[in-house]
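# Structural features, examined
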Amino acid sequence: MKLYWLPLSPNNYTVTAVADYLELPLEKIAVDVMKGEQKTPEFLKMNPNGKCPTLADGDFYLWESNAILMYLCGKKAGGTDLWPADERTRIDISRWLIWQQAHWMRGCGTLLWERLVKTFFGGGTPNPEKEKEGEEAVRFHAGVLNQVLEGKNYLVNNQLTIADFAVAAPLPMAKAARLPLEDFPNIARWYQQIASLEAWRKNLPNIPQ
Ligand SMILES: N[C@@H](CCC(=O)N[C@@H](CS)C(=O)NCC(=O)O)C(=O)O
């Protein structure tokens, strides 16, 4: 399998971390977004959105990081506890994967962009209105996450699943992007466990703090 990816991006290193955790070989092809490699006709044939990550397994192309996480689990011979076979458990994990994209990454993504990525790409200073919007969204959804994690080590069935990898995606950048998470101790406690996984650590980019 080939993965077209952006090493610096949260929704990209969750994919490479899960592949490593599952010991699945991936040929990684770094895409230079500054050069617009994700918008070439060849790339758009694989992913008409022109975004990374994009997985190619033979002539099957898959985009959306969380869909790729599920696909990788399906590739693991004998299955994996990251995506257990039980129907209700899978729906519960899917709920978190959807929440991560629809809510969590929206707020976190706004702050990551305004306070980190925008500067990196020479896009100027943070927009205060966007920062306010991002802060409010992160605080609200962090409250939800913190509450669910009360007395629990992991999000679903109290065991490590791809839901934990996906929801943890923005947290390595929390300090650099000043995500307002200081009032949510259960998130910090839970994230320590993800942060201690070798597959997670070795896939994190060098993030300026
Ligand atoms: N929801 C998508 C987000 C994909 C996405 O927005 N990728 C960004 C990097 S985080 C990208 O490739 N941006 C390049 C561009 O839009 O030109 C996923 O989780 O895979």
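Residues numbered from 1 in each chain as written. Predicted model: local features only at pLDDT ≥ 70, side-chain atom pairs only at ≥ 80, totals over all residues. Heavy atoms only, no water.

Attention now goes to the overall build of the chain. Counting its secondary structure elements, the chain contains 8 helices and 4 strands. Beginning at the N terminus, the succession of helices and strands in the chain can be written as β-α-β-α-β-β-α-α-α-α-α-α. Here the chain has a C-alpha radius of gyration of 17 Å; the compact-globule value for 209 residues is 17 Å, and the two agree. Overall, the C-alpha framework of the chain stretches about 45 × 45 × 25 Å when taken along its three principal axes. Every one of the 209 residues in the chain was classed for burial, and the buried ones make up 49%. Sequence-distant contacts in the chain: of pairs separated by 6 or more residues, those separated by 24 or more amount to 69%. For the chain, the exposed surface amounts to about 10800 Å²; the carbon and sulfur share of it is 53%. Side-chain charges of the chain comprise 23 positive and 24 negative groups, with the mean position of each set lying 2 Å from the other. (Helix = DSSP H or I, 4+ residues; strand = E, 2+ residues; numbered from the N terminus. Rg over C-alpha atoms; globule rule 2.2 N^0.38 Å. Buried < 20%, exposed > 50% of the residue type's maximum accessible area, 1.4 Å probe, protein only. Contact = heavy atoms within 4.5 Å. Areas by Shrake-Rupley, 256 points an atom, 1.4 Å probe, with all protein chains shown as cover. Lys, Arg positive; Asp, Glu negative; His and termini not counted. Charge placed at Lys NZ, Arg CZ, Asp CG, Glu CD.)

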